[in-house]
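Secondary and tertiary structure notes
What follows is the residue order along each chain.
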Amino acid sequence: MIRRVPVINWFSLQMTSAATGCAAVMISPYAALLFPLLLLLVWFTLQLGWKTRQEPEKNKPIADGIAVIGLGIFLFLLFKLNLLVALGALLFVAALALNVQLHTYRRFYFAQVMSFIFVLVGAAEATSGFYLLAIIAYSLFAAFSLGEAWLDQGEQIEHHEKNEVVPKTASQHRVFITAIILILAFAFYLIIPRPPALNFGGQESSAGDFYHDDDWQKHADDNVPPPPKKSESNEVEDQRTRLDNFNEITDLSSYGDDGSDYEYDGFNSQFDIRDTMASKAGIDLNAIVARMKAPHGSYLKVRTFNYFDGESWSSTNENISRKVNTNFIGKVDLDVTRKGNFQQVITIERNMPAWLPAAADPVSIWVPASVIALDQFNQPLLPGVLRPNTRYTVKSALELVDNRPISRAPPPESEDLQLTKNFDGRIRKLAREVTRKHSGSYAKAIALETHLRSEYQYSFASITQSQGRTPLSKFLFVDKQGHCEYFASAMTIMLRSLGIPARLVTGFSVNNKNPLTGYFEIRAIDGHAWTEAWIDGRWVTFEPTAYYQIPSSQESVFAAEQISQYAQQVVQLSQVGDSQEFNLGAILSALWLALYTGVVIIAAYIKLFLLNAWPLLLLMCVILFAGWRFQPYWLPYLHAYMSARKIQAYTPNNAPDALYFYMYHLQRMAQKHTPKRQSSVEIEDWLSVVENQYGHLSAMRTLAHCVHNTFYLGEYSDLEQIQQAALAAVEELKS
């Protein structure tokens, strides 16, 4: 039976912190404001159970009533929100029902398990590092509640029914121990290598509103025969109709101007390379627009463009006529001949056009929709604008060449070699100069990529007006700086000028993984453009923009390095644009980087020393081992030397202390040639053994007489006499 009030008081804080943190993750961060209310409910039900702990059956009607209320809340939330939130609420109400009859430790530990379930669910769903604060609070309160339970169970005396307060010293000890545990856990988290996450094949898809379109479903058929040849006027009319349908699922203007839209023009039917996210007023480039759960970072393709008029990109045949129905679980297979090896679970955070960002090449998709469409480049899209909280899963057949993603999309067409009517011949000349020492399409593409990354600077701001000149020529020969649309456009056109088919691709460059949540954070600035070139029968990805790196297929197994990479990206993102304002996250990241850099520098010097001085270190290890192995032959002599020095430097204050000191160190000196004196052996007997080895020791006999008089007769000897006898004894043992 629970006897101590602090057990339930601390447990009320523990349960409330777990439930509040879980609610903040699953419902809204503002749910954390419910902490006082939830704490009151938990504390009140625990107090009911405490008051009737001798007769817990009295509270059974109350527990049953709470359970019935919980079922009602479960049904309400099931239809209003979702199953996971409803189950969480049901579990919390069940915990309240258990609290009113929480009188034994069996029930108490069961309630502990229930609180830990909240922590696990919250950790699994958390997309922000702030959930770490909830885990720390839970750990602190759990340490106190379990500590009190341990004390309560260990006590043998029955306490009277009165409120007991935790002693201040006990509270301090628990805080200290909890802090030590958290520090050690954090240290292990940083240092111990982390194995790759297990993937049992679970796929997720959900949305606040189910994506559905009756017209799309009517036309959904993988084997639709090609339409009959139309006249030119009908073809123009059909193209206009397709464009209207296209604009309907990509236009974000009807969703309000509340800052929740992601308006990167590279996701639309046509975009001017002079425009970029950074040029739009009021756009927060650091805003998270989506999150991805995947084994590593990746490019997520959205649009592919093959026609360039000198200022803007578009597709020669904007076609989304191919529709495909999903099955009963929202799955659709796009390519049954290939196996997906890279799974991405993507959660949309802001309104964006209907194209589904996905790594190349998607072979299976799980979406909250009854039908999807595919554009002319086999990129999937939903029948409506992507809304926040939309979650879908993609399995891609990811192939890499030199860490570069490749695509097995259909071969190029004539448009993939198209150049502008007023093409600037200097661009072809520059491309030839850069690649003249290289043979083969791949080597030439690498040379162009390297040239753009090394000779041109990246700028977030839009380039000034071209004043009658094409913006691409102005970028290459005048400004020599610009944003990613300029770099990708320049490389695509330069490749085409060399006869290498190339396309411009837009989407997201996903590299920024939050090591605390495990999610890749896709920010507005990650909206990106890059180049794909047709080389050796496949589309190969190239990254000509120096600011961006091709997402690595391998990530560090050490959490410390992952945190440092994330912190570096946070600091870099805080300097985006002209304001270069540092927020709290950037400041903390900068401090972490400074600490991490200091540790790395120290470790580097240690490593350098070890590499250069290893023969000396090996010799020292051999000497130390030999010293340890043969210490019985030299350690007594060292002790004797040190004890002699201490005796000579000692100034006695009183007879008892002086005799203790002198006899202790004289015995250490005598151990050079005699065994150590045991506490049961009298001084006189031990002295006889020593004299057998050293001969007659008159000074030692004088000290032994002083010991006898002082400790057995209570007659204190003169300090000067004791000191002189001790110094003389040192000389006797030395000789």
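Use the structure listed above.
A few points on the structure. (Residues numbered from 1 in each chain as written. Predicted model: local features only at pLDDT ≥ 70, side-chain atom pairs only at ≥ 80, totals over all residues. Heavy atoms only, no water.)

On to the overall build of the chain, then. Broken down by element type, the chain carries 21 helices and 20 strands. Accessible surface computed for the chain: about 38600 Å², of which carbon and sulfur atoms make up 59%. (Helix = DSSP H or I, 4+ residues; strand = E, 2+ residues; numbered from the N terminus. Areas by Shrake-Rupley, 256 points an atom, 1.4 Å probe, with all protein chains shown as cover.)

Running from N to C, helix α19 (residues 683–694) and helix α20 (residues 698–713) cross one another at 175°; their axes reach a closest spacing of 11 Å. By the angle between their axes, α19 is roughly antiparallel relative to α20. Here I683, E684, W686, L687, S688 and E691 of α19 lie close against α20, whose contacting residues are M700, R701 and A704. Counted by class, the contact of α19 with α20 contains 5 nonpolar, 1 polar and 3 charged residues. (Axes fitted to C-alpha atoms, helices over the stretch in contact; angles between N-to-C directions. Parallel < 35°, antiparallel > 145°, perpendicular 65-115°, else oblique. Contact = heavy atoms within 4.5 Å. Nonpolar A, V, L, I, M, F, W, Y, C, P; charged D, E, K, R; others polar.)

Here we come to the environment of T390. Position of T390 relative to the elements: it lies in the loop between β11 (380–381) and β12 (391–396). Residue classification places T390 among the buried positions, given a relative accessible area of 1%. As for T390 and R350, which are separated by 40 residues in sequence, their C-alpha atoms are 9.4 Å apart. With sequence-adjacent residues up to four places away left out, T390 is seen in contact with S206, A207, Y211, I346, T347, I348 and P368. Within polar-contact distance, the side chain of T390 engages the backbone oxygen of R387 at 2.8 Å. (Buried < 20%, exposed > 50% of the residue type's maximum accessible area, 1.4 Å probe, protein only. Polar contact = N/O pair within 3.5 Å; in protein donor to acceptor, adjacent residues only side chain to side chain.)

The sheet built from 3 strands is open, its strands ordered β1-β5-β4 with antiparallel pairing. Strand pairing shows two members of the sheet lacking a second neighbour, β1 (270–272) and β4 (307–308), which therefore form its edges. Across the sheet, helix α13 (residues 484–497) is in contact with β1, β4 and β5 (312–314); its angle to β5 comes to roughly 70°. (Pairing = 2+ DSSP bridges.)

What follows covers the packing of aromatic side chains. In this structure the tally under the stated criterion is 26 aromatic pairs. Judged by centre distance (5.9 Å) and plane angle (90°), the ring pair of Y458 and Y548 falls under edge-to-face. Linking Y458 in strand β15 (residues 457–458) with Y548 in the loop between β20 (538–542) and α14 (559–574), this pair joins segments that are 90 residues apart in sequence. Its relative accessible area of 5% is what places Y548 among the buried residues. Here K323 stacks its cationic end above the ring of W216, 5.1 Å away from the centre of that ring. A cation over a ring is seen here: R629 above F630, with NZ or CZ 5.9 Å from the ring centre. (Phe/Tyr/Trp six-rings, centres within 6.5 Å; stacked < 30°, edge-to-face > 60°. Lys NZ or Arg CZ within 6 Å of the ring centre and 35° of its normal.)

Turning our eyes to something else, we now look at the pattern of salt bridges. Taken as a whole and assessed by the stated rule, the structure comprises 15 salt bridges. Residue D361 is joined to R338 by a salt bridge in which the shortest nitrogen-to-oxygen separation is 2.9 Å. On the criterion of sequence distance, the pair formed by D361 in the loop between β8 (342–348) and β9 (362–366) and R338 in the loop between β7 (331–333) and β8 is long-range, its members being 23 residues apart. Residue R408 pairs with E399 through a salt bridge whose shortest N-O separation is 3.1 Å. If you follow the salt bridges from partner to partner, you end up with R338, D361, E399 and R408 in one network. (Salt bridge = Lys/Arg side-chain N within 4 Å of Asp/Glu carboxyl O.)

Turning next to a nonpolar patch on the surface. Side chains of F630, Y633, W634, L638, Y641 and M642 sit close together on the surface and give an oily, nonpolar patch of about 670 Å² of accessible area. Note that F630 resides in the loop between α16 (614–629) and α17 (631–649). Overall, F630 belongs to the partly exposed group, its relative accessible area being 45%. (Patch = residues over 30% accessible without salt bridge, like charges linked within 9 Å, V, L, I, M, F, W, Y side chains within 5 Å.)

Core analysis: the biggest nonpolar cluster contains 83 residues, and L476 and F508 have the highest contact counts within it. When residues in this core are grouped by element, the largest group, 9 residues, is from α13. Excluding residues within four positions of it along the chain, L476 makes contact with I427, L430, L452, Y456, A490 and M494. Core analysis: the second largest hydrophobic core is formed by 39 residues, I8, V42, W50 and V119 among them. (Core = buried A, V, L, I, M, F, W, Y, C linked by side-chain atoms within 4.5 Å.)

Taken together, the 6 strands give an open sheet; going across it, the order is β7-β9-β12-β8-β2-β18, and neighbouring strands pair in antiparallel fashion. This sheet does not close on itself; its edge strands, each paired only once, are β7 and β18 (520–523). Each strand axis lies, on average, 25° off the axis of its neighbour in the sheet, ignoring direction. Taken together, the 3 bridges between β7 and β9 define a ladder with antiparallel strand orientation. Paired with D333 across the bridge in β9 is S364.

Let us now look at the pairing of strand β3 (residues 298–305). Counted residue by residue, β3 has 8 buried out of 8 residues, so it is predominantly covered. Here 7 bridges tie β3 to strand β17 (residues 502–510), and the two strands are oriented antiparallel to one another. Bridging across to β17, L300 finds its partner in F508.

This next bit is on unusual backbone geometry. The bulk of non-glycine residues show a negative phi, and the bulk of peptide bonds are trans. For the bond from A360 to D361, the omega torsion is -15°, close enough to zero to count as cis. Not every positive phi belongs to a glycine, and N389 is a case in point at roughly 75°. When you line up the elements, N389 lands in the loop between β11 and β12. Among the residues examined, N389 registers a relative accessible area of 53% and is labelled exposed. Despite not being glycine, K480 shows a phi value in the positive range, around 55°. Here K480 lies in the loop between α12 (471–479) and β16 (481–482). Take K480: its relative accessible area is 42%, and that puts it in the partly exposed class.

For the rest of this paragraph, the subject is the pairing of strand β14 (residues 404–407). Burial along β14 is two-sided: the residues R404 and I406 and P405 and S407 are all buried. Inspection of the sheet shows strand β13 (residues 399–401) paired to β14 by 3 bridges, in the antiparallel sense. Residue pairing across strands places E399 opposite I406, the latter belonging to β14. Between β13 and β14, which pair antiparallel one after the other, the connecting turn spans 2 residues, and D402 there sits at a positive phi close to 55°. Here β14 pairs with β20 via 2 bridges, running antiparallel.

All right, on to the environment of E263 then. Mapped onto the elements, E263 comes out in the loop between α9 (232–250) and β1. In this structure the C-alpha to C-alpha distance between E263 and R350, which are 87 residues apart in sequence, comes to 9.8 Å.

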